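Understanding the architecture of this molecule
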Amino acid sequence: MSRQWILRAVVGLIGAAIAAGVCLFGDWLPLKLGYCLNITPSEPVGIYRLVPGGAERGTLVLLKQPHDPAASVLHPYVPVNLPLIKRVAAIRGDVVRVGAHGVHVNGIPWPDSVPLTHDQEGRSLRPYPFGVYRVPADKLWVMSNHPRGLDSRYFGPVPTTSVISLLTPLATWSNPFPAQMLALAYALGLAALGILAAARIMNSLSDSNEEVFMKLRKVEKQLPSAQVNVTLPGKLKAELDN
């Protein structure tokens, strides 16, 4: 096997482990630790602390991804269980206007909120239908502080119940090098968690197979003259035949 194929396999395994870590742990890990990591340009890159409180206009929140059809815009960019970090732009009773020139909340424009029709790679983006909306009691509009942020300008309002926690910055970096190192550490950490989770699942399956094997051995000893027709996995059947 060539070195290039080995490298591809290693990269593929690490990527699969990272994806597994994201899907398995999602918003559980930040809740368990009390901290979360932002490695996207929507907000300053860094470490944020989860804090109690209600979602008010302008607060920074950690929220579960929306799952309605309009939120499909997130799928090419964000793993499905990864929480989002956004600013609350509009709350109950606010009036939001979405148009080609951006998002306005109660007549005030939100900075860098012009909806785009294509991303940097030329893929199509579909803005939320233009119009004027009054925010109901059980919804929030969330925005980014970035012209290419994926937020309510594309997927519209989100349920208030999707808010996991308020956030406050603990340590942030504007220098790209620490940000890249932080992103690498985060990815490797998720890969390690994914590998550990996979190892636990494999051990559990192995223990289950061993338990089945021992029970069948016990039955065989108790009923030596009986013929037991049981369909077994190939490996277990070979062991019993021996």
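Residues numbered from 1 in each chain as written. Predicted model: local features only at pLDDT ≥ 70, side-chain atom pairs only at ≥ 80, totals over all residues. Heavy atoms only, no water.

1. What to know about the sheet that holds strand β9 (residues 139-143)
Here seven strands make up an open sheet; going across it, the order is β1-β2-β11-β3-β4-β9-β10 and the pairing antiparallel. Only two strands of the sheet have a single neighbouring strand rather than two, namely β1 (35-38) and β10 (158-159). Of the strand pairs in this sheet, strand β3 (residues 60-63) and strand β11 (residues 163-173) are connected by three bridges, and their pairing is antiparallel. Bridge pairing links Val61 to Leu166 in β11. (Pairing = 2+ DSSP bridges. Helix = DSSP H or I, 4+ residues; strand = E, 2+ residues; numbered from the N terminus.)

2. Points about the pattern of salt bridges
Summed over the entire model, instances satisfying the criterion amount to five salt bridges. Put simply, Glu43 and Arg87 hold a salt bridge, and the shortest N to O gap is 3.3 Å. In this pair, Glu43 is assigned in the loop between β1 and β2 (45-51) and Arg87 in strand β4 (residues 84-90), connecting sequence segments 44 residues apart. In this structure, Glu121 engages Arg123 in a salt bridge whose closest nitrogen and oxygen atoms are separated by 3.4 Å. Through salt bridges with shared partners, one network takes in Asp119, Glu121 and Arg123. (Salt bridge = Lys/Arg side-chain N within 4 Å of Asp/Glu carboxyl O.)

3. Notes on the packing of aromatic side chains
With the rule as written, the count across this model stands at three aromatic pairs. Note on Tyr128 and Tyr133: the rings are 5.4 Å apart at their centroids and 55 degrees apart in plane angle, and the pair reads as tilted. Exposure remark for Tyr133: the relative accessible area of 23% places this residue in the partly exposed category. Each ring, one from Tyr133 and one from Trp141, has its centre 5.7 Å from the other, and the planes form 40 degrees; the classification is tilted. An aromatic cluster of at least three residues, connected via ring pairs, comprises Tyr128, Tyr133 and Trp141. (Phe/Tyr/Trp six-rings, centres within 6.5 Å; stacked < 30°, edge-to-face > 60°. Buried < 20%, exposed > 50% of the residue type's maximum accessible area, 1.4 Å probe, protein only.)

4. Some points on the pairing of β4
Counted residue by residue, β4 has six buried out of seven residues, so it is predominantly covered. Where β4 meets β9, three bridges bridge the pair, whose relative direction is antiparallel. The residue of β9 that forms the bridge with Arg87 is Met143.

5. Remarks on the side chain of Glu43
A relative accessible area of 5% means that Glu43 is categorised as buried. Looking at Glu43, its side chain comes within polar contact range of the side chain of Asn145, at 3.4 Å. In this structure, Glu43 is in contact with Asn38, Tyr48, Leu60, Ile85, Arg87 and Asn145, ignoring residues within four places of it in sequence. (Polar contact = N/O pair within 3.5 Å; in protein donor to acceptor, adjacent residues only side chain to side chain. Contact = heavy atoms within 4.5 Å.)

6. A short note on the nonpolar core
Counting 18 residues, the largest nonpolar core has Leu63, Val73, Leu74, Leu84, Phe155 and Val158 as its most contacted members. Looking at this core, the elements with two or more residues in it are β3, β4, β9 and α3 (152-155). What Val73 contacts, discounting residues up to four positions off in sequence, is Leu125, Leu150, Tyr154 and Phe155. Membership of the second largest hydrophobic core comes to eleven residues, among which are Val98, Trp110, Val135 and Met143. (Core = buried A, V, L, I, M, F, W, Y, C linked by side-chain atoms within 4.5 Å.)

7. Digging into the confidence of the model for the protein chain
Of all residues in the protein chain, 62% attain a pLDDT of 70 or more, and the chain-wide mean is 78. By mean pLDDT, helix α1 (residues 3-25) is the weakest element of the protein chain at 48, and strand β8 (residues 131-134) is the strongest at 98. Here residues 10-26 is a poorly scored stretch, pLDDT under 50, and it has 23 contacts once near neighbours within four places are set aside; other chains count. (pLDDT = per-residue confidence, 0-100.)

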